[in-house]
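Residue-level listing of the chains:
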Amino acid sequence: MGKLTPSVSDENVGLGRPPTPGRRQLTFDIIFESDTRAGRLFDVMLLIMIMVSVLVVVLDSVNHMEREHRTAFIVLEWFFTLLFTAEYIARLWSVEHPLRYARSFFGIVDLVSVLPTYLSFFFPELHALIDIRVLRMLRAFRILKLTAYISEYSQLGAALYASRRKIMVFLSFVAMVQVLLGTVMYVVEGPKNGFVNIPTSIYWGITTMTTVGFGDIAPKTDLGRAIASFIMLLGWGILAVPTGIVTAEMTSRRIHSDAIVRRCPSCGTIGHLPTAAFCQDCGATLTDER
């Protein structure tokens, strides 16, 4: 599962603490902080509730289980809906800027995770206008609430965001290669072998390069098979590039994070590299204490 987030998580940065101590301050510390016993207990219990509620949604989609345990699923669904609604209201009440939290990623997830149940209650099944089953499946958004309590998610998200330009350039290159190879395959194989147009040929190239290979279209000529073999080998290397980009970014951020928290025991200067033996300002010997 990973470790719980530190006391100041990405979720509550910029939301502001309650202006005055009291019940709001206590609620804020329990809900948003995890460095206290109450805060850790709240996080663990909420994680369990989220996972159980998602399990209920999954089991409710199985027809025979839905028929046999319909009443139990309805009761559990309303229990979790009211529970997460109370949690959502408590979060809005405890922060200094409720609207800012409501517009944040986790605020939207909190709202979307409970809203479908209320919609299905106020709008009975009208098959011609709305499919309640689709709304009910939106409850699976609750699983996204897990990301607020696992610090590795925020690290991965930050690495992906920082690598977005490199990844977009790489994907643009892959798209150009697919268009060129799809056009070549359309010319080589032609409609008689299933490559009826260039978009269809591009679709075949994507499934081949990603090693999915549905088999609905296959080259018949020797030249086409040679090109397909080249695409398959090319796919192995291409699929590894985004992983390398993100991994390099995560490693860089890890080193930077270690440097930020490493402090000189003599003058208090921070920002030393993990391999540094002496302080960059006063020359004192650095210890392993962070």
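Definitions and cut-offs
- Residues numbered from 1 in each chain as written.
- Predicted model: local features only at pLDDT ≥ 70, side-chain atom pairs only at ≥ 80, totals over all residues.
- Heavy atoms only, no water.
- Helix = DSSP H or I, 4+ residues; strand = E, 2+ residues; numbered from the N terminus.
- Buried < 20%, exposed > 50% of the residue type's maximum accessible area, 1.4 Å probe, protein only.
- Contact = heavy atoms within 4.5 Å.
- Areas by Shrake-Rupley, 256 points an atom, 1.4 Å probe, with all protein chains shown as cover.
- Salt bridge = Lys/Arg side-chain N within 4 Å of Asp/Glu carboxyl O.
- Expected span 1.5 Å × (residues − 1).
- Core = buried A, V, L, I, M, F, W, Y, C linked by side-chain atoms within 4.5 Å.
- pLDDT = per-residue confidence, 0-100.
- Axes fitted to C-alpha atoms, helices over the stretch in contact; angles between N-to-C directions.
- Parallel < 35°, antiparallel > 145°, perpendicular 65-115°, else oblique.
- Left-handed = near helix turned anticlockwise from the far one by under 90°.
- Nonpolar A, V, L, I, M, F, W, Y, C, P; charged D, E, K, R; others polar.

A. Local environment of the overall build of the chain. Scanning the chain from terminus to terminus reveals 11 helices and zero strands. Put simply, the chain runs from its N terminus to its C terminus through helices and strands in the order α-α-α-α-α-α-α-α-α-α-α. The buried share of the chain, taken over its 290 residues, is 34%. Of the contacts formed within the chain by residues at least 6 apart in sequence, a portion of 58% connects residues at least 24 apart. In the structure as shown, the chain presents an accessible area of about 17,500 Å², 69% of it carried by carbon and sulfur atoms.

B. Structural detail: the pattern of salt bridges. Counted under the stated rule, the structure contains two salt bridges. Of the charged contacts, one joins E66 and R70 as a salt bridge, the two residues approaching to 2.4 Å between their closest N and O atoms. Taking the relative accessible area as the measure of exposure, E66 reaches 14% and is therefore buried. A salt bridge links E87 to R91, with the nearest nitrogen and oxygen atoms 2.6 Å apart. Here E87 and its partner R91 are both found in helix α4 (residues 70-94), four residues apart, which amounts to about one turn of the helix.

C. Seen up close, helix α2 (residues 37-60). Relative to the 34 Å expected for 24 residues at 1.5 Å per residue, α2 spans 35 Å between its end C-alpha atoms, a close match to the ideal helical length. Listing the buried residues of α2 in full gives G39, D43, L46, L47, I50, S53, V54, V56, V57 and D60.

D. Main features of the nonpolar core. By size, the foremost hydrophobic cluster in this structure holds 13 residues, and its most contacted members are W204, M209 and I231. Contributions of two or more residues to this core are made by α9 (164-189), α10 (198-209) and α11 (222-261). Leaving out residues up to four positions away in the same chain, M209 has contacts with V174, V177, Q178, L181, I231, L234, G235, I238 and L239. Grouped together as the second largest cluster of nonpolar side chains are 10 residues, L46, I50, V56 and V114 included.

E. Molecular detail of the confidence of the model for the chain. In this model, the chain carries a mean pLDDT of 78, and residues with pLDDT of at least 70 account for 73%. Mean pLDDT across the secondary structure elements of the chain bottoms out at helix α7 (residues 132-137), with 50, and peaks at α10, with 93. In the predicted structure, residues 126-133 sits below a pLDDT of 50 and forms seven contacts with residues beyond four places in sequence or in another chain.

F. Just the environment of F195, in detail. Considering the arrangement of structural elements, one finds F195 in the loop between α9 and α10. For F195, a relative accessible area of 0% puts it in the buried group. For the pair F195 and P219, spaced 24 residues apart in sequence, the C-alpha separation works out to 8.5 Å. Here F195 is in contact with M185, Y186, E189, G190, S201, W204, I217, A218 and P219, once residues within four sequence places are set aside.

G. Expanded view of the environment of D110. Counting through the fold element by element, D110 comes out in helix α6 (residues 105-122). For the pair D110 and L144, spaced 34 residues apart in the sequence, the C-alpha separation amounts to 8.9 Å. Setting aside anything within four residues of it in sequence, one finds D110 in contact with Y88, R91, Y101 and K145.

H. Spotlight on the packing of helix α1 (residues 23-32) against α2. Between α1 and α2, the least distance of the axes is 7 Å, while the angle of their chain directions is 55°. With respect to their mutual orientation, α1 and α2 come out oblique. On α2, the residues touching D29, I30 and I31 of α1 are A38, G39, F42 and D43.

I. Inspection of unusual backbone geometry at higher detail. Located in the positive-phi region is T211, a residue other than glycine, with phi close to 60°. Looking at where T211 falls in the secondary structure, it is placed in the loop between α10 and α11. A residue is classified by how much of its surface remains accessible, and T211, at 48% relative accessible area, is partly exposed.

J. View of the packing of α2 against α4. Interaxial distance between α2 and α4 falls to 10 Å at its minimum, and their mutual angle equals 140°. By crossing handedness, the relation of α2 to α4 is classed as left-handed. Along the contact surface, α2 presents F42, L46, M49, I50, V52, S53, V56, L59 and D60, while α4 presents F73, L76, F79, F80, L83, F84, E87 and R91. The class makeup of the residues in the contact of α2 with α4 is 13 nonpolar, one polar and three charged.

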